Structures are given as C-alpha cells and as structure tokens.
Amino acid sequence: MTVLYLEAETAIEGDRPMDVRDVRVRRQGMDRHATILSESGDAATEDEARPGYASAMRRYYVTTFGCQMNAHDSERIKGMLESLGIGEAAAPEEADVLVFNTCTIREKPDTRLAAYLGDAAARKRREPDVVVAVGGCYAEAQREVIFERYPFVDVAFGPGSIPHLGEWIEAGGHAVPRGRFGTHETFAATLPMHRERRFSAWVQVSMGCNSKCAYCIVPAVRGREQSRRPGEIVAELEALARDGVKEVTLLGQNVNSWGRDLAPGIRTEFGELLRGCDAVEGIERIRFTSPHPKDFRDPVIAAIAECATVCEHVHLPLQSGSTRILKAMRRTYSRERYLSLVERLRSAVPDLALGTDIIVGFPGETERDFEQTLEVVEEVEFDSAFTFVYSPRAGTEAAAMPDQVPEDVKRERMERLVALVQRGAAARNADRVGRLEDVLVEGPSRTDPTLLRGRTRRNTTVNFTGTAAAGELARVKIEGSTSTTLRGREASLVAA
Ligand code: SAM
Ligand code: SF4
C-alpha cells in the first residue's frame, strides 16, 4: 500500500535505456567532464572522445514533479533534448540546461518547486549561460506571471507545448528568446523518447480531461480530452515489443473514456483498445491509469476479464465515500454506484487488486461524511491507496466554496484514514503468503542488494531470493508480507 502520491523526481525509477559513460575530454588545455550517450551500448571509442566530438555537448538535467503522466512527459522532454544533441547530466550541478517539469495538483509541489527554483536562480547568477526551463502544469497555470515571478527563467512551456521545446532550446542547448508558450493542443506522444525503464513503458493514449471535478486543476492546465488514434497506439506497442518491453501502462487523465472523440470512421471505446493492445506479440502485461468510475462500462470490464495480458489490477479513484460530497465534487457517481462497480469488477475478474485515490477534507465534509469514506474503505479493502489532503487550487470551483475544513481537522482525519488503509492492505498482502506469483523482475531490491525486486500482476512489489535476470518473468513463492510489499523465493529454488 502506498499513501504518497508520486510527487518527486525520486518517483522515476528503473533502468536506463541507454548506456551513459563519463569520459574526460581534453580541450584547449581545459579538462572538461562530458557525457557520451551510446545507444548501442558499445564502449565510447577514442574517436568519440576526440575534442570537438563530445566536448561541445551541453548537458541537461530534468527534475520531475507529480504523476505518471508527468514522468512520461519527462521521457519525451529528454528525448527531444537528446535529439538536439544535448546529453543527460548525472546531477543538476553538472548540467547546462535545467528543466523542471512541474505539477500543481496540490499546494505541496508548488512549495517544493519554489525551493528548487531558488537554487536555479543562484546558479544562474553565478553562470548566466545556464538555461532554466520550467514546463508542466504549474507553468501552464502561471503562464501570465511566471516570467515576472521568476525573471531568471529562460523558457516556460505547458504540458501540451513539449513539441515546441525544440524551437525554444536550439541545437546545442542555448535558449532562443522568442515564443515561450504554446497552446495545450499538441500530442507529445510522437516525439522522440528517452525511456527510463527497459522492460516497462508508459504509452499515452489521450491527453486532457472533459470532466469537471470541482477540486481539480487538470482540465484548466491540460485542456479538453483528445484521444490518440488506435493505429498509432498499437504501432507504438509493437515498436516497444521489438525493443524488448514486456509491460506497458496506458496513460490518460481519464483513460477509459478514450475513443469517444475520434472521427466517426475510427470511433471506438476503451475495451476495444485493450483488445487491440492484448493482440500485440511480445507484450506480456498491460496496465492502465487512471480510469474514472463513471466510464467503466461492461465492454471494458469484459475486456479486462478476457484479455490474458491485461493485469488483475485496477486503480479506481473513490475520492469520497459520501454521496453528498461526491455530488459536491461533481464526480457523477454515488457511493452505491461505486460499490456496485467494485462488485461487478470483482465478480468478472477473480483475484482483482484494487487501488484508489481518496481526498480528505473537501469543503463541507462533516465528520459523518468522513465516516462514510472510512466505511467504504473498510468494506472494499483496497490493496493500495493514494490519500490526499484537500488543497484549494486557484480557479477551481471548490476553492471558492464555503465551509473549508480547518487544517487540523484534515490532518486528524488523514491519520485515521491512513491507519485504516494500511490495515486493509496488510490483510490483503498477508493473504498472498503461501501462493505462487508471477513476478516481472526489475532489478536488485532497493533495500537489500542481495535480493531481487519485481512486481506481481496485481502490481505489488516483491523482494525475493532468486537468480532471474531483469526483464524475466519469475515464479515466486510468497513467504512474507507487509502492508506495502511481499517477500519470497524463486520457485525453482524452493523446489531445489
Ligand atoms: N484523472 C485522475 C482521476 O480522475 O482520478 C487523476 C487526476 S489527479 C492527477 C490525481 C489525484 O489527485 C486525484 O484523483 C485526486 O484524488 C487528487 N487531487 C486532485 N486535485 C486535488 C486537490 N485540489 N486537492 C487534493 N487532492 C487532489
Ligand atoms: Fe481531474 Fe476529475 Fe479529470 Fe481526474 S477526472 S483529471 S480528477 S477533472
């Protein structure tokens, strides 16, 4: 069970898709530290290390805040910078181009960004040649004031303007002082990509959101929903499979409403997309996030149940267990409809793992409303939950609502909610002990390098004793559990 939303650059993990080598390059009597990127994985040759080859290369560092969509956008930002001949730096202090891919879902990322930008400003005072670029949802939300508020920023761009980034940071990595904001209408999904993980990939299927959740800034900063064409999505999966990717996560702000805005000849729905992706040879696991409960229609549930590669894991944002609050949030479902959806999903997909998002302290939330949220959590027994303290966002409907809940009340409710979620997740994980799970191996465990780490189809992290290589599917006998992880031993070793 995870109770923190991905909100830091540490959220990005996994193997690098390229070999990154540091070489010392002598140029004009100066020792320069340069990074050579080699797609082939071959050692950098002497030719490559010659002055003029790598020494001219400027380097970038991208700091990412926020959700998986942002993490994926950062892969596009990196790919685009690399296509301009700018290499990746190992640390911000070593970079000539500093990019911040921001989030503004809640106040906390804004505050953290301010601290990072303070450091960037100091760096820029010392080294005026350094380029500072601020992208993502915060940049879009603050587009009118960002250059006044942060005069040292060279380039600012919203989530839909990533394709323009190359016009504003030219080949070689210098900022171009012209148009610094685009519209949020262009798909980044066709840009070059620097994948962060070797065997798993995100695939963007739609951008923007047509919902009007009263608390949410996403529709204002990411625009109206646009679906990517099915043929393009399947072609991307095929290319990923050829590249050795085993697992894809389809991404959309409202992923299961995908398809409805497509042109009449190709208009279709999310269940059909799942079936099309399932047919791609070589892709062994398909996940998707985030679906909206209102768009979980029968064909989508049938596709999850029938497609062998679609994993038994659904992230189903609840937000609140009180129908009154759900109505005020404009979520368009009731507590009863949510619970009956859980029942339909669980009866169609045995052994389904359920994750959720819950907001605590939405304006007007009474103790009774909150207790109803606890009741739903108790009844459903989620396997994981991202829990959020409500944070008013300027310009959203909820920010202007009366009856804002005092901070101390929100905190106290949050503590109770987290304790309950943890209890449920611990019980669900304890249920797995003694079972065999198929685990997609990601690499060594983060806490104990003598163990391997991977994920089950139900999306639980497993640390285990074994010999499998990263990218392989291993059968693991589960021997222990916590509320967040499982522990085990590769089945072949158990038999031995
Ligand atoms: N599109 C997804 C959905 O509808 O579930 C996720 C959108 S958002 C990036 C992720 C989560 O952030 C939401 O599900 C919600 O729980 C939370 N969130 C959004 N706005 C918030 C706010 N103003 N305060 C606290 N949490 C918020
Ligand atoms: Fe925000 Fe609601 Fe759209 Fe999700 S569905 S992105 S919470 S407006």
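Q: It is not clear to me how the overall build of the protein should be interpreted in this structure. Could you clarify?
A: Within the protein one finds 14 helices and 22 strands. Residue burial in the protein is summarised as follows: out of 496 residues, 54% are buried. The contacts in the protein between residues at least 6 apart in sequence include a share of 70% that link residues at least 24 apart. Of the roughly 21000 Å² of accessible surface on the protein, a fraction of 50% belongs to carbon and sulfur atoms.

Q: What should I look at first to understand the pairing of strand 18 (residues 436-444) in this one?
A: Along a regular strand, successive side chains alternate from one face of the sheet to the other. In terms of strand pairing, strand 18 meets strand 21 (residues 473-481) through five bridges, oriented antiparallel. Among the inter-strand pairings, Val 439 is bridged to a residue of strand 21, identified as Ala 474. Two strands pair when backbone bridges link them, and strand 18 and strand 19 (residues 452-456) are joined in this way by five bridges, in the antiparallel orientation. Within strand 19, the position partnered with Gly 443 by the bridge is Arg 453.

Q: Mind showing me how you'd approach the site of ligand 2 here?
A: Within the structure, ligand 2 sits among Cys 209, Ser 211, Cys 213, Tyr 215, Cys 216, Val 218, Pro 219, Gln 253, His 292 and Arg 331. Of the residues contributing to the shell around ligand 2, the split by class is six nonpolar, three polar and one charged.

Q: Help me understand the packing of helix 9 (residues 298-306) against helix 11 (residues 335-348), please; the structure alone is not making it clear to me.
A: Two quantities define a packed helix pair, namely the angle between the axes and the distance from one axis to the other. As a packed pair, helix 9 and helix 11 sit with axes 9 Å apart at the nearest point and diverge in direction by 30°. Classed by the angle they form, the pair helix 9 and helix 11 counts as roughly parallel. Between helix 9 and helix 11 lies a crossing whose hand is right-handed. Contact with helix 9, carried on its side by Asp 298, Ile 301, Ile 304 and Ala 305, involves Leu 341, Arg 344, Leu 345 and Ala 348 of helix 11 and no other residues of that element. Class assignment of the residues belonging to the contact of helix 9 with helix 11 gives a composition of six nonpolar, no polar and two charged.

Q: In this structure, what is going on with the site of ligand 1? I would like to understand it.
A: Taken together, 16 residues are adjacent to ligand 1, and Tyr 215, Gln 253, Gln 319, Asp 357 and Ser 391 come closest. Taking Tyr 215, its main chain carries an N or O atom lying 3.1 Å from a nitrogen atom of ligand 1. In isolation ligand 1 exposes 550 Å². Once the protein is present, 95% of that is buried. Mapped by element, the contributors of at least two residues to the shell around ligand 1 are strand 16 (353-360) and strand 17 (384-389). Within the shell around ligand 1, the residues separate by chemical class into eight nonpolar, four polar and four charged.

Q: For this particular structure, what's the right way to read helix 12 (residues 367-380)?
A: Since one α-helical turn is 3.6 residues long, residues separated by three or four positions face the same way. In this model helix 12 runs 20 Å from its N-terminal to its C-terminal C-alpha over 14 residues, within 8% of the 20 Å that 1.5 Å per residue would give. Within helix 12, the full set of buried residues consists of Asp 369, Phe 370, Gln 372, Thr 373, Leu 374, Val 376, Val 377 and Val 380. In the stretch just after helix 12, Glu 381 is the one whose phi turns positive, near 55°.

Q: Got a minute to help me understand the sheet that holds strand 7 (residues 155-157) in this structure?
A: Strand pairing in a sheet relies on backbone hydrogen bonds, with the paired strands running either antiparallel or parallel. The five strands are arranged 4-3-5-6-7 in an open sheet whose pairing can be described as parallel. The open sheet is flanked by strand 4 (87-88) and strand 7, the only strands paired with a single partner. Where strand 3 (residues 59-64) and strand 5 (residues 97-102) come together, five bridges link them in parallel fashion. Considered in strand 5, the bridge of Val 62 is made with Val 99. Here helix 1 (residues 68-83) sits on the sheet in contact with strand 3, strand 4, strand 5 and strand 7, set at roughly 170° to strand 3.

Q: I keep staring at the pattern of salt bridges and nothing clicks. Help me out?
A: A pair can form between side chains of opposite charge whenever their charged atoms are brought close. Within the structure shown, the criterion is met by 40 salt bridges. When the shortest N-O distance is used, the salt bridge between Glu 88 and Lys 78 registers 3.1 Å. Here Lys 78 lies in helix 1 and Glu 88 lies in strand 4, a separation of 10 residues in the sequence. The pair Glu 88 / Lys 78 is uniform in exposure class, with both members buried. Between Glu 247 and Arg 285 there is a salt bridge, with its nearest N and O atoms 3.9 Å apart. Taken together, the positions of Glu 247 in strand 13 (residues 247-251) and Arg 285 in strand 14 (residues 285-289) put the pair 38 residues apart, joining distant regions of the chain. An identical accessibility class is assigned to Glu 247 and Arg 285; each is buried.

Q: Mind showing me how you'd approach the side chain of Ser 445 here?
A: Tracing the backbone through its elements, the reader meets Ser 445 in the loop between strand 18 and strand 19. With a relative accessible area of 5%, Ser 445 lands in the buried category. Looking at Ser 445, its side chain comes within polar contact range of the main-chain nitrogen of Thr 447, at 3.2 Å. Discounting residues that sit within four places of it in the chain, Ser 445 has contacts with Leu 451, Leu 452, Arg 453 and Asn 463.

Q: Would you explain the confidence of the model for the protein in this entry?
A: Low pLDDT means the predicted coordinates in that region are not meant to be read closely. Taken residue by residue, the protein gives an average pLDDT of 86. The fraction at 70 or more is 85%. The low-confidence segment residues 1-55, where pLDDT is below 50, has 121 contacts with residues more than four positions distant or belonging to other chains.

Q: Explanation requested: the sheet that holds strand 13 in the structure shown.
A: Here we have three strands laid out as an open sheet, ordered 10-13-14, and parallel in their pairing. Whereas interior strands pair on both sides, the edge strands pair on one side only; in this sheet they are strand 10 (200-204) and strand 14. Averaged over all pairs of adjacent strands, the angle between their axes in this sheet comes to 25°, without regard to strand direction. Across the sheet, helix 1 is in contact with strand 10, strand 13 and strand 14; its angle to strand 10 comes to roughly 95°.

Q: Is there a simple way to explain the environment of Thr 456 in this structure?
A: The residue Thr 456 is located in strand 19 in this model. For Thr 456, a relative accessible area of 1% translates into the label buried. C-alpha separation for the pair Thr 456 and Val 441, spaced 15 residues apart in sequence, amounts to 9.2 Å. If we skip the residues at most four places from it in the chain, Thr 456 touches Arg 285, Arg 287, Glu 437, Asp 438, Val 439, Val 462 and Leu 486.

Q: Please clarify how the packing of aromatic side chains should be interpreted in this entry.
A: Pairs of aromatic rings are described using the distance from one ring centre to the other and the angle between the two planes. One pass over the full model with this rule turns up eight aromatic pairs. Ring plane angle 70° and centroid distance 5.6 Å describe the contact between Phe 362 and Tyr 390, whose orientation is recorded as edge-to-face. Here Phe 362 is found in the loop between strand 16 and helix 12, whereas its partner Tyr 390 is found in the loop between strand 17 and helix 13 (407-430), with 28 residues between them in sequence. On the basis of relative accessible area, Phe 362 is assigned to the buried category, the value being 0%. Looking at Tyr 390, the relative accessible area reads 3%, which means it is buried.

What counts, and where the lines are drawn
- Residues numbered from 1 in each chain as written.
- Chains lettered and ligands numbered in written order.
- Predicted model: local features only at pLDDT ≥ 70, side-chain atom pairs only at ≥ 80, totals over all residues.
- Heavy atoms only, no water.
- Helix = DSSP H or I, 4+ residues; strand = E, 2+ residues; numbered from the N terminus.
- Buried < 20%, exposed > 50% of the residue type's maximum accessible area, 1.4 Å probe, protein only.
- Contact = heavy atoms within 4.5 Å.
- Areas by Shrake-Rupley, 256 points an atom, 1.4 Å probe, with all protein chains shown as cover.
- Pairing = 2+ DSSP bridges.
- Near = heavy atom within 4 Å.
- Nonpolar A, V, L, I, M, F, W, Y, C, P; charged D, E, K, R; others polar.
- Axes fitted to C-alpha atoms, helices over the stretch in contact; angles between N-to-C directions.
- Parallel < 35°, antiparallel > 145°, perpendicular 65-115°, else oblique.
- Left-handed = near helix turned anticlockwise from the far one by under 90°.
- Polar contact = N/O pair within 3.5 Å; in protein donor to acceptor, adjacent residues only side chain to side chain.
- Expected span 1.5 Å × (residues − 1).
- Salt bridge = Lys/Arg side-chain N within 4 Å of Asp/Glu carboxyl O.
- pLDDT = per-residue confidence, 0-100.
- Phe/Tyr/Trp six-rings, centres within 6.5 Å; stacked < 30°, edge-to-face > 60°.

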